[in-house]
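Understanding the architecture of this molecule
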Amino acid sequence: ITFDDIDNFLIYIVFGIILGGRLGYIIFYNFSFYYNNPLEIFKIWNGGMSFHGAVIGIIFFTILFSKFKNKNFFDLTDIICVVSPIGIFFGRIANFINGELYGKITDTSFGIIFPGAGNQPRHPSQIYEAFFEGLILFFILNYFFYIKGLKKSTGSITGLFLIFYSLFRIIIEFYREPDTQLGYIFDFLTMGQLLSFPLLMVGIIIFFK
């Protein structure tokens, strides 16, 4: 895989993130609203992106690129997974700055009062996610990629990314306020947790196979 390949691949990835992230949010998080207001689908400046939808979009466009350019699918996804925690980190920091996707009410000393979320302090769940899904995941993957030499084992880094991201997301969702339009699914699961379980299973299969 050359630098020119990566330059071309980035175009595919951008489309995967935008289209997958948007469609994922529409389908998984707010389908009835967009079904009744179809023009709102195109107003991405109003927010509404899904990480899991973006993953699906990236997978689809990576398959297309690997077929067109005759590249190994997992060689490409391993490269994506090694660096993507950086983007996740800054994305969660942006969520924190915007005062969105905040956590549940807490009486801990590090609780934060978010504008528009009442007067009670809440878990800064965006910071939790930035730390674990961003920084910690970045160091885990790069440790195994460079020091443990898993870059020679195609697909292993992809599997590890899916495993650790899903575990971190499932745990942190217990401290995060569920989406108001959805609430809890089966009275105890959030949509983020529900979507993370399949990713976890796929990650385990990829890593051990």
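This text gives an overview of the structure that appears in the document. This structure is a prediction, so every number in the text was calculated from the model and none was measured.

Focus on the overall build of the protein
Across its full length, the protein carries seven helices and zero strands. Taken against the 2.2 N^0.38 rule, which gives 17 Å for 209 residues, the C-alpha radius of gyration of the protein at 18 Å falls within 12% of a compact globule. Projected onto its principal axes, the C-alpha coordinates of the protein cover approximately 55 × 40 × 30 Å. Looking at the protein as a whole, 41% of its 209 residues qualify as buried. For the protein, the proportion of contacts with a sequence separation of at least 24, taken over those separated by at least 6, is 65%. Of the charged side chains in the protein, 14 are positive and 14 negative; the average position of the first set lies 6 Å away from that of the second.

Observations regarding unusual backbone geometry
The phi angle of most residues is negative, glycine excepted, and most peptide bonds adopt the trans form. Even without a glycine there, the phi angle at Phe186 is positive, about 60°. Residue placement: Phe186 occurs in the loop between helix 6 (156–172) and helix 7 (191–208). Even without a glycine there, the phi angle at Asp187 is positive, about 70°. One can find Asp187 in the loop between helix 6 and helix 7. Judged by its relative accessible area of 73%, Asp187 is exposed.

Structural notes on the pattern of salt bridges
Under the counting rule described, the total for this entry stands at nine salt bridges. Among the ionic pairs, Arg122 bridges to Glu177, the shortest N-O distance being 3.1 Å. Taken as a pair, Arg122 in the loop between helix 4 (73–98) and helix 5 (125–147) and Glu177 in the loop between helix 6 and helix 7 lie far apart in primary sequence, 55 residues in all. Look at Arg122 and you get buried, because its relative accessible area is 11%. Exposure remark for Glu177: the relative accessible area of 32% places this residue in the partly exposed category.

So, how was this worked out
Residues numbered from 1 in each chain as written. Predicted model: local features only at pLDDT ≥ 70, side-chain atom pairs only at ≥ 80, totals over all residues. Heavy atoms only, no water. Helix = DSSP H or I, 4+ residues; strand = E, 2+ residues; numbered from the N terminus. Rg over C-alpha atoms; globule rule 2.2 N^0.38 Å. Buried < 20%, exposed > 50% of the residue type's maximum accessible area, 1.4 Å probe, protein only. Contact = heavy atoms within 4.5 Å. Lys, Arg positive; Asp, Glu negative; His and termini not counted. Charge placed at Lys NZ, Arg CZ, Asp CG, Glu CD. Salt bridge = Lys/Arg side-chain N within 4 Å of Asp/Glu carboxyl O.

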